[in-house]
Amino acid sequence: MALQSPVSLSFQGLYRNFGRLAVLRDISGSVSAGEILLVTGANGSGKSTLLKCLAGLLAPDLGSIKYWEVGQEFTTAERRLRLGYAAPDLSFYDELTAEENLDFFARMRRCPTQRPRELLDRVDLPGGRMGHALSSGMRQRLRWCWALLHRPRLLLLDEPFQNLDEPGCRAATQLLEEHLANGAAVVANPGALDLPYVTRHLNLDN
Amino acid sequence: MSQDISIWTTEALAVFAKEWRCELRTGYALNTLGLFAITTLVVMSISLGHLGIASTEPTTVLPVLLWILLLFAVSAGLPRAFVFEEESQTAIALRLSARPSSLFCGKLAYSFSVVLALEIIVTPLFLTLMHLKIETMPVLLFALVAGGYGLAAGGTLVAAIIAQARSSTTLFSVLALPVLLPLLVLAIEITRSAVAGDPAPIASRQLLLYDGSVTIAGLLLFPAVWNP
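This report concerns the structure included in the present document. If you're wondering where the values come from, they're calculated on a predicted model, not measured in any experiment.

All names here are of chain A. Taken as a whole and judged by the stated rule, the model has 14 aromatic pairs over all chains. Ring centres of Tyr93 and Phe104 lie 6.1 Å apart, and the angle between their planes is 75 degrees; on these two criteria the pair is classed as edge-to-face. Taken as a pair, Tyr93 in the loop between strand 6 (84-86) and helix 3 (98-108) and Phe104 in helix 3 lie far apart in primary sequence, 11 residues in all. Under the relative-accessibility criterion, Phe104 is labelled buried at 5%. With centroids separated by 6.3 Å and ring planes inclined at 15 degrees, the aromatic side chains of Tyr93 and Phe105 adopt a geometry described as stacked. Here Phe105 lies in helix 3 and Tyr93 lies in the loop between strand 6 and helix 3, a separation of 12 residues in the sequence.

Structure representation (structure tokens):
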């Protein structure tokens, strides 16, 4: 699977505790190009923690996470820089405009200079609006732009449609569909929205 | 290899430019450092300097006061370098976008430029108000540049270590003491030499060695303290 697919993520036997509280216990799964792994579970079941572990933002206490792109395996540090991530705790600089925020990260990620503008147009977000003046829905649109800035092969999305109005949800769903032509996604808490291409399901309540 | 260096430089410059853009819009570090330094300087000058009782041993005492002033001013502003990223939750986006070494160097370059700006404002004022005469100006300039770099490098490293701690300000003071103490001793000695007209070659070499060591230690330690 790893050699054939443009992108592949698999994780085995993940454990993660916060002090004495066991949040993840023996969690395994995988996802490949064109697929969505849907992660569900009750509040506090560890969905966000799992996504943070997959993103390399938290280290699991036990277990392994393997990530390939076109047969090449990447380390955690490399995976961290390659994937796209959107979650409620992802914030941007209040002192910069939406476009300046994306420009900064585009430079860090060596993206073409027109890429931020292109994405802002796709989600219909005014690029000149200062970070502190963005509404919660606008911030969510900016998260989508940021996640897709460097055309990642893997998207990790936690509550990706929260605070989005109907046009926002449509734009985000379309971006997700386009991403899945060549990439994979792990989605937690998608809300009531019907997601395309859900091929795998991981219920953390079990 | 050259492409890697070019990419790394672009990333570090992007961080540097972002820091200054945010700073110029909020003025947080410049205001904090500047206000602290000017207030302290005025108090010192009234108590000890030209406006008050002149020190009987200006060569010994005044270089110490200059570096204590710079240290405290820097301590008031630099700990924010990474704490701010954690508190405003922008650290997540940075962790997923920037290589630790280029991020550290971008932050360090920004801190160094802030310290230099502070020194450019504070030092002439200090020399004038405290009536301190410098015999060899190049030695003083070396002390300010190399010592300022050491303050920025040590301060950035400690700021990175404390960023995820709860009592970050207290922790900065505790951790900064052993890191910055050798720097202060050397910078004070070189500044005294500048006042006395000596070249201070040994202390200057030691200060350069300190700067190099802290930079290398920062580059090696930063990925471990920044990433989980």
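A separate point is the interface of chain B and chain A. On the chain A side, the residues contacting the 27 residues of chain B number 26 residues. Taken together, the two surfaces of chain B and chain A that pack against each other cover about 2,500 Å², and 68% of this comes from carbon and sulfur. Glu11(B) is the partner of Arg110(A) in a salt bridge, and the nearest nitrogen-oxygen pair spans 2.4 Å. Counting the contacts that link chain B with chain A gives nine residue pairs in polar contact (both at pLDDT 80 or more). When contributions to the side of chain B that touches chain A are tallied by element, the ones reaching two or more residues are helix 1 (2-26), helix 4 (80-87) and helix 5 (91-95) of chain B. Looking at the side of chain B that touches chain A, its residues break down into 13 nonpolar, seven polar and seven charged.

Compared with the 18 Å implied by 1.5 Å per residue over 13 residues, the 19 Å span of helix 5 (residues 136-148) of chain A between its first and last C-alpha is a close match. When you tally the buried positions in helix 5 of chain A, you get 11 out of 13 residues, the bulk of the element. When helix 5 of chain A is considered as a whole, its buried residues turn out to be Gly137(A), Met138(A), Gln140(A), Arg141(A), Leu142(A), Arg143(A), Trp144(A), Cys145(A), Trp146(A), Ala147(A) and Leu148(A). Considering only its buried residues, helix 5 of chain A is in contact with strand 6, helix 3, helix 4 (115-122), strand 7 (154-158) and helix 6 (166-180) of chain A together with helix 5 of chain B.

On to the nonpolar core, then. Inside soluble globular proteins, nonpolar side chains tend to come together where they are buried. Within the largest apolar cluster, 144 residues are counted, with the highest numbers of intra-cluster contacts made by Phe11(A), Tyr85(A), Leu154(A), Val186(A), Trp67(B) and Phe126(B). Mapped onto the domain boundaries, this core takes at least three residues apiece from domain 1 (1-83 + 153-206) and domain 2 (89-151) of chain A.

In this structure the tally under the stated criterion is zero disulfides over all chains. Counting only cysteine sulfurs, Cys145(A) is the nearest neighbor of Cys111(A), a cysteine outside any disulfide, at a range of 12 Å. Of the residues examined, Cys111(A) reaches a relative accessible area of 14% and is grouped as buried. The thiol of Cys105(B) is not disulfide-bonded; the next cysteine sulfur, from Cys22(B), is found 19 Å away. Taking the relative accessible area as the measure of exposure, Cys105(B) reaches 16% and is therefore buried.

A few words now on the side chain of Arg79(A). All names here are of chain A. With respect to the element layout, Arg79 can be found in helix 2 (residues 76-82). Put simply, Arg79 is tucked away with no salt bridge, and the nearest opposite charge, on Glu73, sits 7.8 Å away. The residues contacting Arg79, other than those within four sequence positions of it, are Leu9, Cys53, Leu54, Ala55, Gly56, Ile65, Tyr67 and Phe74.

With that out of the way, let us pick up the side chain of Thr156(B). Residue and element names in this part refer to chain B. Within the fold, Thr156 resides in helix 7 (residues 137-162). Take Thr156: its relative accessible area is 1%, and that puts it in the buried class. In this structure the side chain of Thr156 is engaged in a polar contact, spanning 3.3 Å, whose partner is the side chain of Ser111. Residues within four places of Thr156 in sequence aside, it is in contact with Phe82, Phe104, Lys107, Leu108 and Ser111.

How each quantity is defined
Residues numbered from 1 in each chain as written. Chains lettered and ligands numbered in written order. Predicted model: local features only at pLDDT ≥ 70, side-chain atom pairs only at ≥ 80, totals over all residues. Heavy atoms only, no water. Phe/Tyr/Trp six-rings, centres within 6.5 Å; stacked < 30°, edge-to-face > 60°. Helix = DSSP H or I, 4+ residues; strand = E, 2+ residues; numbered from the N terminus. Buried < 20%, exposed > 50% of the residue type's maximum accessible area, 1.4 Å probe, protein only. Contact = heavy atoms within 4.5 Å. Buried area = accessible area lost by both parts, 1.4 Å probe. Salt bridge = Lys/Arg side-chain N within 4 Å of Asp/Glu carboxyl O. Polar contact = N/O pair within 3.5 Å; in protein donor to acceptor, adjacent residues only side chain to side chain. Nonpolar A, V, L, I, M, F, W, Y, C, P; charged D, E, K, R; others polar. Expected span 1.5 Å × (residues − 1). Core = buried A, V, L, I, M, F, W, Y, C linked by side-chain atoms within 4.5 Å. Domains from an automatic or database assignment. Disulfide = S-S within 2.5 Å. Lys, Arg positive; Asp, Glu negative; His and termini not counted.

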